[in-house]
Amino acid sequence: MEINWDELRSAASAAMSKAYAPYSNFPVGVAGLVDDGRIVTGCNVENAAYGVALCAECGLISSLISTGGGKLVAVACVDRHGNALMPCGRCRQLLWEHGGPNCLLDSVSGIKSMTEILPDAFGAHDLTDRL
Ligand code: THU
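None of the values given here were measured: they were computed from a predicted structure. (Residues numbered from 1 in each chain as written. Predicted model: local features only at pLDDT ≥ 70, side-chain atom pairs only at ≥ 80, totals over all residues. Heavy atoms only, no water.)

## Points about the site of the ligand
Piece 1. Contacts to the ligand come from S24, F26, V28, N44, E46, C55, A56, E57, P87 and C88.
Piece 2. Taking E57, its side chain carries an N or O atom lying 2.9 Å from an oxygen atom of the ligand.
Piece 3. Take C88: an N or O atom from its main chain is 2.8 Å from an oxygen atom of the ligand.
Piece 4. Assessed atom by atom at 2 Å from the grid points, the ligand resides in the largest pocket. (Near = heavy atom within 4 Å. Polar contact = N/O pair within 3.5 Å; in protein donor to acceptor, adjacent residues only side chain to side chain. 1 Å grid on protein atoms, 1.4 Å probe; cavity = no way out; pocket = protein on both sides within 12 Å on 5 of 7 lines; lining within 4 Å. Sits in = over half its atoms within 2 Å of the grid points.)

## Examining the pattern of salt bridges
Piece 1. Within the structure shown, the criterion is met by 4 salt bridges.
Piece 2. Here R9 makes a salt bridge to D106, at a shortest N to O gap of 2.7 Å. With R9 in helix α1 (residues 5-16) and D106 in strand β4 (residues 104-107), this pair connects stretches of sequence that are 97 residues apart.
Piece 3. Looking at R9, the relative accessible area reads 27%, which means it is partly exposed.
Piece 4. A relative accessible area of 8% places D106 in the buried class.
Piece 5. In this structure, the salt-bridge partner of R130 is D126, at a minimum N-O distance of 2.8 Å. (Salt bridge = Lys/Arg side-chain N within 4 Å of Asp/Glu carboxyl O. Helix = DSSP H or I, 4+ residues; strand = E, 2+ residues; numbered from the N terminus. Buried < 20%, exposed > 50% of the residue type's maximum accessible area, 1.4 Å probe, protein only.)

## Considerations on the sheet that holds β4
Piece 1. In spatial order, the strands read β2-β1-β3-β4-β5; together these 5 strands make up an open sheet with mixed pairing. The open sheet has two edge strands, β2 (39-43) and β5 (110-113), and neither has a second partner. Going across the sheet, the axis of each strand differs from the next one's by a mean of 20°, ignoring polarity.
Piece 2. Relative to strand β3 (residues 72-78), α1 is tilted by about 50°, and along the sheet it contacts β1 (29-34), β2, β3, β4 and β5. (Pairing = 2+ DSSP bridges. Axes fitted to C-alpha atoms, helices over the stretch in contact; angles between N-to-C directions. Contact = heavy atoms within 4.5 Å.)

## Side note on unusual backbone geometry
Piece 1. Look at N25: it is not a glycine, yet its phi comes out positive at around 55°.
Piece 2. Among the secondary structure elements, N25 is positioned in the loop between α1 and β1.
Piece 3. The backbone of D120 sits at a positive phi, close to 50°, despite the residue not being glycine.
Piece 4. Structurally, D120 is set in the loop between α4 (114-117) and α5 (124-129).
Piece 5. On the accessibility criterion, D120 (82% relative accessible area) is exposed.

## Details of a nonpolar patch on the surface
Piece 1. A cluster of nonpolar residues, Y20, Y23, V45, Y50 and L54, forms a patch on the protein surface that exposes about 530 Å² of accessible area.
Piece 2. Mapping Y20 onto the fold places it in the loop between α1 and β1.
Piece 3. For Y20, a relative accessible area of 43% gives the class partly exposed. (Patch = residues over 30% accessible without salt bridge, like charges linked within 9 Å, V, L, I, M, F, W, Y side chains within 5 Å. Areas by Shrake-Rupley, 256 points an atom, 1.4 Å probe, with all protein chains shown as cover.)

## Topic: the nonpolar core
Piece 1. Core analysis: the biggest nonpolar cluster contains 20 residues, and V30, V40, L60, L72, V75, L95 and M114 have the highest contact counts within it.
Piece 2. At the level of secondary structure, the elements contributing two or more residues to this core comprise β1, α2 (56-66), β3, α3 (89-99) and α4.
Piece 3. With 4 residues, α2 is the single largest residue contributor to this core.
Piece 4. Setting aside chain neighbours within four positions, we find V75 in contact with W5, L8, V30, A31, G32, L95, C103, L104, L105 and D106.
Piece 5. Counting 12 residues, the second largest nonpolar core, distinct from the first, contains W5, A11, A12 and V78. (Core = buried A, V, L, I, M, F, W, Y, C linked by side-chain atoms within 4.5 Å.)

Dropping the structure here:
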C-alpha cells in the first residue's frame, strides 16, 4: 500500500492545531493511515486534573474504532513545529494493538516498524499462548 508521508504529516499537524493543552502548552497531533485508505487523527486533550490527560494517540485510536475500525498501516505523530515526535510508552502499546508489528512510524530517526519501536511487545497473542 502506497504511503503518502507528507499527507500524513499534514493531517497530524492539522490535528495538533486543535489540541487542548493549556497546562503543558505542548500540543501534539497524530495521524494514521488505515488499511482501507482512510486517515484518522487525534490531538492531546488535557485536564485540570493533570493525570487525566488524554494523549493524542488516545484520540486517534478512538477515531479509528468509532469510524469503522481496521488496521493502522502508518502513523505520524508531530509536535508544535510539525516535527516527528515519539509516542510515549503507553501509546506505543496502543499503536501495537491496532497496527501490529508491521505498522510503520515516522520516527525521529526515520521510518521504523512497530517491532523496532516496541521490541518484544506484549500483545493479544500472549493471552492465548500462555494458558
Ligand atoms: N503527549 C501525547 O499526546 N502523546 C505522546 O505520545 C506524548 C505526550 C502529550 C500528553 C500531554 O498533554 C503533553 O503531551 C505533554 O506531556
